[in-house]
Amino acid sequence: MINMLTPEEQNAENALDNSFKGSIEVIKNALEEEDLNTIREVIGNITVWSGHLGDRPKWLSGFNQSLNDLLDIYGNSDAPEAKTIFFEKLRLAYHSIIIENNS
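Read on for an overview of the structure. (Residues numbered from 1 in each chain as written. Predicted model: local features only at pLDDT ≥ 70, side-chain atom pairs only at ≥ 80, totals over all residues. Heavy atoms only, no water.)

Let us look at the overall build of the protein chain. Tallying secondary structure elements over the protein chain gives five helices and zero strands in all. Helices and strands in the protein chain line up, N terminus first, as α-α-α-α-α. Computed over C-alpha atoms, the radius of gyration of the protein chain comes to 13 Å, within 12% of the 13 Å expected from 2.2 N^0.38 for 103 residues, which places it in the range of a compact globule. Counting the 103 residues in the protein chain, one finds 36% classified as buried. Counting only carbon and sulfur atoms, one obtains 49% of the accessible surface of the protein chain, whose full area is about 6,000 Å². Counting 8 positive and 17 negative side-chain charges, the protein chain places the centres of these two groups 3 Å from one another. (Helix = DSSP H or I, 4+ residues; strand = E, 2+ residues; numbered from the N terminus. Rg over C-alpha atoms; globule rule 2.2 N^0.38 Å. Buried < 20%, exposed > 50% of the residue type's maximum accessible area, 1.4 Å probe, protein only. Areas by Shrake-Rupley, 256 points an atom, 1.4 Å probe, with all protein chains shown as cover. Lys, Arg positive; Asp, Glu negative; His and termini not counted. Charge placed at Lys NZ, Arg CZ, Asp CG, Glu CD.)

Listed below in structure tokens is the structure:
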């Protein structure tokens, strides 16, 4: 599924090194598809390589921390609603950290 980025999402995308262009759209699509592995892979790649490049986008640490905090809370839960709640809260983090902070 191809989504157009909002101006706020485009600002977050612009904060990335050219090596990671397209990452915001991948994260956005993975949230819609509830694909945790893709989200973790993208965030991990940006974290590692932007550390080497010395230019981490300002939204990265906050979103990564939210992801890890939510995994600590819901990651080992057997409750059927845990996945739903996890992704609802991760979407809220995406909106507040990536979109609102880049508007």
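It is worth spelling out the side chain of K28 at this point. Tracing the backbone shows K28 in helix α2 (residues 23–33). Owing to a relative accessible area of 15%, K28 belongs among the buried residues under this scheme. Among the polar contacts made by the side chain of K28, one reaches the main-chain carbonyl oxygen of M4 at a distance of 3.0 Å. (Polar contact = N/O pair within 3.5 Å; in protein donor to acceptor, adjacent residues only side chain to side chain.)

Here we take up the nonpolar core. In terms of nonpolar packing, the biggest core is built from 27 residues, with I39, W59, F63 and L90 touching the most fellow members. When contributions to this core are tallied by element, the ones reaching two or more residues are α2, α3 (36–53), α4 (58–74) and α5 (82–99). With nine residues, α5 is the largest single contributor of residues to this core. (Core = buried A, V, L, I, M, F, W, Y, C linked by side-chain atoms within 4.5 Å.)

Those residues of helix α1 (residues 7–14) that fall on the buried side of the exposure criterion are E9, A12 and E13. Mapping the buried residues of α1 onto a view down its axis gives an arc of 100°, with all of them on the same face. (Arc of directions from axis to C-beta.)

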